[in-house]
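Analysis of the macromolecular model
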Amino acid sequence: MSSTSQTPLWVSPNAGNHPIDKYRQRVNKIFGLDLQNSYQLQQWSVKHPHDFWIDLYKYIGIVPELPPDTIRAYDDTLPLNSIPPFFKGIELNYTENILRWKNPEAVALIGLRESDPLNGEFVTWSQLNERIRVVRSALLQHGIKQGDRIGAIVSTSIWSVVLLLASASIGAIFSSISPDMGIEVSEDYSGRR
């Protein structure tokens, strides 16, 4: 039995109105296509990667805007396993793009703790933005700058997200590990600790 003749187990009541559908309709309009589903969109994106990445960048509203003469997303003369840079010369800030165009009163994060799993802490985008501002200010006051590395032993929590976004807002590299991973020291292959 071919996959096209099988009856789906479930169809979303919003079928055709998901964000991916809206993007597919945009691609159809801009590029004069008639893509009928997400699979066809994915196939088009693989066959026309520069059109896809440049249009998706614009569609999502990433800042800064691409220069109007951008025609290639990356150097396709390089093999992909060499990890060619995307949009070379464009510098963007992850935190700035995450915080853009959010309803300040909408819930951004819900923090749950094992001791109180059903009564989580709700943080709005406005509150998240303020927490990021305060932590960013503290990092700057301690001399953290672009390219610095910040490591933390911190639980998976709202504060770990705040620290990540505050670090990224400066251009610092953030890495963390949860304290529940333990304090054991692993032995290297020579048997030394």
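The rules behind each value
- Residues numbered from 1 in each chain as written.
- Predicted model: local features only at pLDDT ≥ 70, side-chain atom pairs only at ≥ 80, totals over all residues.
- Heavy atoms only, no water.
- Patch = residues over 30% accessible without salt bridge, like charges linked within 9 Å, V, L, I, M, F, W, Y side chains within 5 Å.
- Areas by Shrake-Rupley, 256 points an atom, 1.4 Å probe, with all protein chains shown as cover.
- Salt bridge = Lys/Arg side-chain N within 4 Å of Asp/Glu carboxyl O.
- Helix = DSSP H or I, 4+ residues; strand = E, 2+ residues; numbered from the N terminus.
- Buried < 20%, exposed > 50% of the residue type's maximum accessible area, 1.4 Å probe, protein only.
- Core = buried A, V, L, I, M, F, W, Y, C linked by side-chain atoms within 4.5 Å.
- Expected span 1.5 Å × (residues − 1).
- Polar contact = N/O pair within 3.5 Å; in protein donor to acceptor, adjacent residues only side chain to side chain.

**Some thoughts on a nonpolar patch on the surface**
Taken together, Val107, Ile110, Leu112 and Phe122 make up a surface patch of nonpolar side chains, about 410 Å² in accessible area. Mapping phenylalanine 122 onto the fold places it in strand S2 (residues 116-124). Judged by its relative accessible area of 52%, phenylalanine 122 is exposed.

**Describing the nonpolar core**
Counting residues in hydrophobic clusters, the biggest one holds 18 residues, and the most contacted among them are Leu128 and Leu139. The leading source of residues in this core is helix H6 (residues 158-170), at six residues.

**Points about H6**
Here H6 spans 19 Å end to end across 13 residues, near enough to the 18 Å set by a 1.5 Å rise per residue. Counting buried positions along H6 yields ten of 13 residues, so the element is predominantly enclosed. Regarding H6, the residues found buried are Ile158, Ser160, Val162, Leu163, Leu165, Ala166, Ser167, Ala168, Ser169 and Ile170. For H6, the N-terminal capping position is held by serine 157, with its side-chain oxygen 3.3 Å away from the main-chain nitrogen of tryptophan 159. Taken from the residues just after H6, glycine 171 is the one with a positive phi, measuring 95°.

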